[in-house]
Amino acid sequence: GAGVSQSPSNKVTEKGKDVELRCDPISGHTALYWYRQSLGQGLEFLIYFQGNSAPDKSGLPSDRFSAERTGGSVSTLTIQRTQQEDSAVYLCASSPVGTSNQPQHFGDGTRLSIL
Amino acid sequence: RKEVEQDPGPFNVPEGATVAFNCTYSNSASQSFFWYRQDCRKEPKLLMSVYSSGNEDGRFTAQLNRASQYISLLIRDSKLSDSATYLCVVKRGSQGNLIFGKGTKLSVKP
């Protein structure tokens, strides 16, 4: 079956440009998460959407980062005025609503490089 | 102190060896626990959930000690294909985000 789909798979852009990353979660999964992973580092939580509730934005590193989720499905992560330290792999995950033990399923990620 | 701590390794072991990874977490409100596996330049994939009673999946055994806030993963009869980074993961509450350790790198040699 279809897993979490992310696009683009790779993005190279110049410092100062805005970028948009897209995530299409598994059908029926109401929870959607964005993480990022810098080279050689662990995963860093960015933002979490659950159904129609207000998103948990506690992990966003600065106000240049924002995300939205339209219609409870597809999500877009936007980074404005990109900086070189934004270079990382941006991973999206989704999970169904349910018990605490529901695992998250990850997409392949978007590898973002800021020149 | 990081919320989830792991020995980064690397653990270099021969095929057939038994290897154990440990992880500690600092937030006693953590409710769910997992081990994920991440291959080089790939996304993390769930290896197994971890239960207080301990659970086994083939060559893999996971244990949770809530009193000590300690999680372990044991791999028996290791294979070359087990080479990867193993991520210890905790989840706060039923709808919280996952908190990842930085991972322990395992390299299984012929």
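Summarised in this report is the structure supplied together with it.

1. A short note on unusual backbone geometry
- Omega for the bond connecting Ser7(A) with Pro8(A) falls within 30 degrees of zero, at -10°, which places this linkage in the cis form.
- By secondary structure assignment, the location of Pro8(A) is in the loop between strand S1 (5-7) and strand S2 (10-13).
- A cis amide bond links Gly9(B) with the next residue in sequence, Pro10(B), at an omega value of 10°.
- Here Arg41(B), not a glycine, exhibits a phi torsion of approximately 60°, which is positive.
- For Gln69(B), which is not glycine, the phi torsion reads 55° and is therefore positive.

2. As for the interface of chain B and chain A
- At the interface, 23 residues of chain B touch 20 residues of chain A.
- Summing the contributions of chain B and of chain A, the shared interface buries around 1800 Å²; its carbon and sulfur component is 47%.
- Inspection of the chain B/chain A interface yields four residue pairs in polar contact (both at pLDDT 80 or more).
- Looking at the side of chain B that touches chain A, the elements with two or more residues in it are strand S4 (30-38), strand S5 (45-49), strand S9 (84-92) and strand S10 (98-100) of chain B.
- With six residues, the single largest contributor to the side of chain B that touches chain A is S4(B).

The rules behind the values
Residues numbered from 1 in each chain as written. Chains lettered and ligands numbered in written order. Predicted model: local features only at pLDDT ≥ 70, side-chain atom pairs only at ≥ 80, totals over all residues. Heavy atoms only, no water. Helix = DSSP H or I, 4+ residues; strand = E, 2+ residues; numbered from the N terminus. Contact = heavy atoms within 4.5 Å. Buried area = accessible area lost by both parts, 1.4 Å probe. Polar contact = N/O pair within 3.5 Å; in protein donor to acceptor, adjacent residues only side chain to side chain.

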